[in-house]
Structure formats: structure tokens, C-alpha cells
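# Structural description and commentary
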Amino acid sequence: MRGDPATSTVVRAPASSANLGAGFDVFGLALGLHADVGTGRAPDGARDLDAAHPARVAFERAGGSGPIWLRSPIPVARGLGFSGAVRVAAAGLGHVVAGGTIDRGAERILAVSSELEGHGDNAAASLHGGFTAYVAGRALRVPVGPVLASATVVAWIPDVTTSTDRSRRALTDTVERRSAVANVGRAVQMSLAFERDDPSLLDGATSDELHQSARMGAIPGAADAMAAGVAAGAWCGWLSGSGPTVALLAARELADEVTAALPRGGHVKVLDIDSAGAHVVGARPLRPAR
């Protein structure tokens, strides 16, 4: 869809949960919580973006120009891919208003978003939807069968924020070979669970020896939330991105039980897995200037 100066073009992109345990900087899972970025004056519930905003930078880097706005319910600095979603939506919008399409411009949109992010796991999931792997600058979409596609992600979101940059600086520069081998095995296990649509393969698939334990130790209640959610019936749990959110993948009929088992000190969102990825949601008449 091409941009029209008489209307506001809007691109929507989903939130995401990155890493999924062993897939550090590789895996991403798109979630049913969305950011909208549009051209023109901000509608109700949205805000105009200045030149320094990360979404504005992505929009212009992808070829866009003119005023844009953002509307998003994705929590900021909570490990649910806010920055990745808004950058993907904005880069997609920039490509569209410059005369392209999101499908044909996917490689460029991913390159812009991942460069600005500093890593591509969240951006890949927000762009393509579903379960993705970011490998050597490319997004690989892993098929999600009907059982796991109908699952829910129960997100326990504590009342603290984290900084991805600070969290990364706390990690070691080198890892033991044994730890690297263990993570490779678990990452393969996770991929096969989705490809085969087999929840039984999720048992232990989010175990990690590179980043998760060190990060969770700095988040009060996170380890307890993960243990409680799995004990209540979730197939698996992981620290979402750099945290502080803990994500638990569960059958839809168990979402209430998993939610009830989680500790106080945070709130819960029960989210679907988003399969659509970034897309144009339509155009609306521009709001007249006042």
C-alpha cells in the first residue's frame, strides 16, 4: 500500500519476547500487544514524535519524511520488545510512504531496525510474527502448528524496569565450552518443539547457561514466578529479553491457573502469539489542523 498525502497511513507491529532461554540474541516470539505508527497529526490516544524519538529515527532511515505519531500499550523497559516493535512499525511506515511495501521491503526494514536496536531478535519477531530466529542478519521464521499457535503467553511483569544496555554489560565476555554446548542443544530442542508442534519437547527447553541466571538474580521474585508458573501447569518459562518480565507458555485452558499461582509484586498480561507481524492496518482521513 502506498502513502497518500490526504490520509494517514498506519503500520502496526507486535510486541515480542526475546531469547526464550537458550536462544540468546537469536529467538523471538511475537505477542498479541501492538504498537501503531502513523503519518500526519496524532489521533486521540497517540502522541506526535519529535526528531530524537527512536521510531522517528527508524522512519527517516527507511526513507520516510513528514510528521508521524505513535500509539502503543506495550510496557516500556519491561522486556516485551517495545523499542523493537516501534522501530519496526516506523521503518515499515517509512518504506511504505516512500512507495514500497512491507513484504518487498522486509530485508531493509529488518536491517534498519536491528541496526538501531543493536540486536535483531525482537525486530525479527515484530516484523514477521510467530516464532523467529535472527541469524547472521536474516530472519528465519519457524513454523508454529495449531497446538502451540493456540497457546497463551502469561507474562508476569514486576513493578521495576530494566535497561538492556546495563544488563548486557553485566554479562561475561567469554563462556565455557560446556555452557555453549548446553545452550546449542536447548536451542535446537526449542526449535523442534515449535516445528513439530509438540509441547512435550518444551520441558527443559528454556534452560540457559549464558545470561538468564545472572539477570534473574537481580530481579526480585522472578525466579519464584517462573517456578510457580511451571508448577501450575505452564509448559515452560523464561526471562523475557533482559527482563524484568517472566514469560510462561501455557495451554489456553490453564492460563487462569498459571496466573493465580504467580507471586505478588507484579501484574499479569495473558497474551496470544501474534502470527501477522508488521502490516499496514489502513488509512484514515487526516485530522484537520486546528
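Because the structure is predicted, anything quoted here is derived from the model rather than measured.

Cut-offs and rules
- Residues numbered from 1 in each chain as written.
- Predicted model: local features only at pLDDT ≥ 70, side-chain atom pairs only at ≥ 80, totals over all residues.
- Heavy atoms only, no water.
- Core = buried A, V, L, I, M, F, W, Y, C linked by side-chain atoms within 4.5 Å.
- Buried < 20%, exposed > 50% of the residue type's maximum accessible area, 1.4 Å probe, protein only.
- Helix = DSSP H or I, 4+ residues; strand = E, 2+ residues; numbered from the N terminus.
- Contact = heavy atoms within 4.5 Å.
- Pairing = 2+ DSSP bridges.
- Axes fitted to C-alpha atoms, helices over the stretch in contact; angles between N-to-C directions.
- Phe/Tyr/Trp six-rings, centres within 6.5 Å; stacked < 30°, edge-to-face > 60°.

## Looking at the nonpolar core
Core analysis: the largest hydrophobic core is formed by 58 residues, its most contacted members being Phe194 and Leu249. For this core, the element with the highest residue contribution is helix 2 (residues 82-97), accounting for nine residues. Among residues more than four places away in sequence, those in contact with Phe194 are Leu20, Leu29, Phe131, Val142, Pro143, Val144, Gly145, Leu148 and Leu249. Residues Met216, Ala234, Val258 and Leu262 belong to the second largest nonpolar core, which totals 16 residues.

## Quick word on the sheet that holds strand 10 (residues 266-272)
Overall, antiparallel pairing links the four strands, which are arranged 8-9-7-10 in an open sheet. The strands lining the two open edges of the sheet, one partner per strand, are strand 8 (236-239) and strand 10. Looking at each pair of strands side by side, their axes are set apart by 20° on average, direction ignored. Where strand 8 meets strand 9 (residues 246-250), four bridges bridge the pair, whose relative direction is antiparallel. Of the residues in strand 9, the one forming a bridge with Cys236 is Leu249. Sitting on the sheet, helix 9 (residues 222-231) touches strand 7 (152-158), strand 8 and strand 9, and the angle it makes with strand 9 is about 5°.

## Observations regarding the packing of aromatic side chains
Taken as a whole and judged by the stated rule, the model has two aromatic pairs. Through successive ring pairs, a cluster of aromatic residues spans Phe27, Phe131 and Phe194.

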